[in-house]
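Descriptive analysis of the structure
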Amino acid sequence: EDQVTQSPEALRLQEGESSSLNCSYTVSGLRGLFWYRQDPGKGPEFLFTLYSAGEEKEKERLKATLTKKESFLHITAPKPEDSATYLCAVQSHGSSNTGKLIFGQGTTLQVKP
Amino acid sequence: EAGVAQSPRYKIIEKRQSVAFWCNPISGHATLYWYQQILGQGPKLLIQFQNNGVVDDSQLPKDRFSAERLKGVDSTLKIQPAKLEDSAVYLCASSLDMRDGAQYFGPGTRLLVL
């Protein structure tokens with residue numbers, strides 16, 4: 001059964017203090033790994049897609065990386081506006097006919113000024 | 001480009017009552033999804049449509065939940081009768097194609113069942 005586990009559940013940082021969020025996955029053949037950001041009271045917002053081990057994507061202060069078993073979302077010099085819940089999701093080749101995403105439980109990031 | 005629209009934004013009902021949610025996806029998106037998100041958890045797929053047809057409803061509690069997507073555009077999700085454990089946020093999302101993991105979500109409907 002495809003599974004996604006994110007850690008930590010919650011993370012508090014001071015503004016400018018860099019850190020990483022982890023997404024561990026077990027799938028029957030990874031087709032894609034996706035990172036989303038969710039602000040309170042809103043739906044998730046798509047950030048990145050990663051397809052193969054070694055791939056990296058960047059957007060402003062965020063950089064996502066992928067290995068064969070996990071993905072990291074690195075946050076460099078975060079600002080208070082980066083505070084949100086970050087969700088990781090996987091799509092497996094087994095679900096390629098429907099494209100079903102399996103989401104992790106999320107990491108809630110709080111950045112204090 | 002307009003995003004995914006959902007209504008209502010909030011709904012409070014008593015158990016055993018019925019409720020319906022509406023979703024209008026991004027224009028041109030063939031695939032539409034309904035997710036349930038319980039507080040502190042990630043979204044869980046309830047049902048997925050490709051144009052008019054259902055491609056995955058394996059996690060939809062069919063004894064109480066139903067959904068339709070008429071004319072391949074708007075969709076409604078209904079719960080009848082509601083249970084306390086149905087309290088959650090119901091998210092609608094759409095994508096260009098069902099293999100596209102870049103899904104675009106609406107703001108969600110927050111349901112509280114008393």
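Scroll up for the structure.
Rules used in this analysis
- Residues numbered from 1 in each chain as written.
- Chains lettered and ligands numbered in written order.
- Predicted model: local features only at pLDDT ≥ 70, side-chain atom pairs only at ≥ 80, totals over all residues.
- Heavy atoms only, no water.
- Helix = DSSP H or I, 4+ residues; strand = E, 2+ residues; numbered from the N terminus.
- Rg over C-alpha atoms; globule rule 2.2 N^0.38 Å.
- Buried < 20%, exposed > 50% of the residue type's maximum accessible area, 1.4 Å probe, protein only.
- Contact = heavy atoms within 4.5 Å.
- Lys, Arg positive; Asp, Glu negative; His and termini not counted.
- Charge placed at Lys NZ, Arg CZ, Asp CG, Glu CD.
- Buried area = accessible area lost by both parts, 1.4 Å probe.
- Salt bridge = Lys/Arg side-chain N within 4 Å of Asp/Glu carboxyl O.
- Polar contact = N/O pair within 3.5 Å; in protein donor to acceptor, adjacent residues only side chain to side chain.
- Nonpolar A, V, L, I, M, F, W, Y, C, P; charged D, E, K, R; others polar.
- Core = buried A, V, L, I, M, F, W, Y, C linked by side-chain atoms within 4.5 Å.
- Pairing = 2+ DSSP bridges.
- Axes fitted to C-alpha atoms, helices over the stretch in contact; angles between N-to-C directions.

1. Brief notes about the overall build of chain A
A tally of regular secondary structure across chain A gives 0 helices and 11 strands. Ordered by position in the sequence, the α and β elements of chain A form the string β-β-β-β-β-β-β-β-β-β-β. Relative to the compact-globule value of 13 Å for 113 residues, chain A shows a C-alpha radius of gyration of 14 Å, a close match. Counting all 113 residues of chain A, 48% fall into the buried class. Long-range contacts, defined as pairs at least 24 residues apart, comprise 57% of the intrachain contacts of chain A with a sequence gap of at least 6. In chain A, the 13 positive side-chain charges and the 14 negative ones have mean positions that sit 2 Å from each other.

2. What about the environment of Gln105(A)?
Note that Gln105(A) resides in the loop between β10 (102–103) and β11 (107–112). Residue Gln105(A) is classed as partly exposed on the basis of its relative accessible area, which comes to 26%. Once the C-alpha coordinates of Gln105(A) and Ser7(A) are considered, the two residues, 98 residues apart in sequence, prove to be 9.0 Å apart. When sequence neighbours within four positions are dropped, the list of residues in contact with Gln105(A) reads Val4(A), Thr5(A), Gln6(A), Glu9(A), Leu87(A), Gly40(B), Gln41(B) and Gly42(B).

3. A closer look at the interface of chain B and chain A
Between chain B and chain A, the residue contacts involve 24 residues of the former and 20 residues of the latter. In total, about 1,600 Å² of surface goes out of reach between chain B and chain A, with carbon and sulfur atoms giving 49% of it. Interface area lost by chain B to chain A is led by Arg99(B), Gly101(B) and Phe105(B), which between them contribute 29%. Along the contact surface separating chain B from chain A lie 0 salt bridges. At the surface where chain B touches chain A, the tally comes to 3 residue pairs in polar contact (both at pLDDT 80 or more). Here the residues of the side of chain B that touches chain A sort into 9 nonpolar, 10 polar and 5 charged.

4. A word on the nonpolar core
Within the largest apolar cluster, 23 residues are counted, with the highest numbers of intra-cluster contacts made by Leu33(A), Trp35(A), Leu73(A) and Tyr86(A). Mapped by element, the contributors of at least two residues to this core are β2 (10–14), β3 (19–26), β4 (30–38), β5 (45–50), β7 (62–66), β8 (70–75), β9 (84–92) and β11 of chain A. With 4 residues, β9(A) is the largest single contributor of residues to this core. Excluding residues that lie within four positions of it along the chain, Leu73(A) makes contacts with Ser19(A), Ser20(A), Leu21(A), Trp35(A), Phe48(A), Leu62(A), Lys63(A), Ala64(A) and Tyr86(A). Counting residues in hydrophobic clusters, the runner-up holds 21 residues, among them Val4(B), Trp34(B), Phe49(B) and Leu60(B).

5. A few points about the sheet that holds strand β3 (residues 19–24) of chain B
Strand pairing in a sheet relies on backbone hydrogen bonds, with the paired strands running either antiparallel or parallel. Residues and elements named next belong to chain B. Taken together, 4 strands build an open sheet; the order of strands is β1-β3-β8-β7 and the sheet is antiparallel. Each having just a single partner strand, β1 (5–7) and β7 (65–68) make up the two edges of the open sheet. Each strand axis lies, on average, 15 degrees off the axis of its neighbour in the sheet, ignoring direction.

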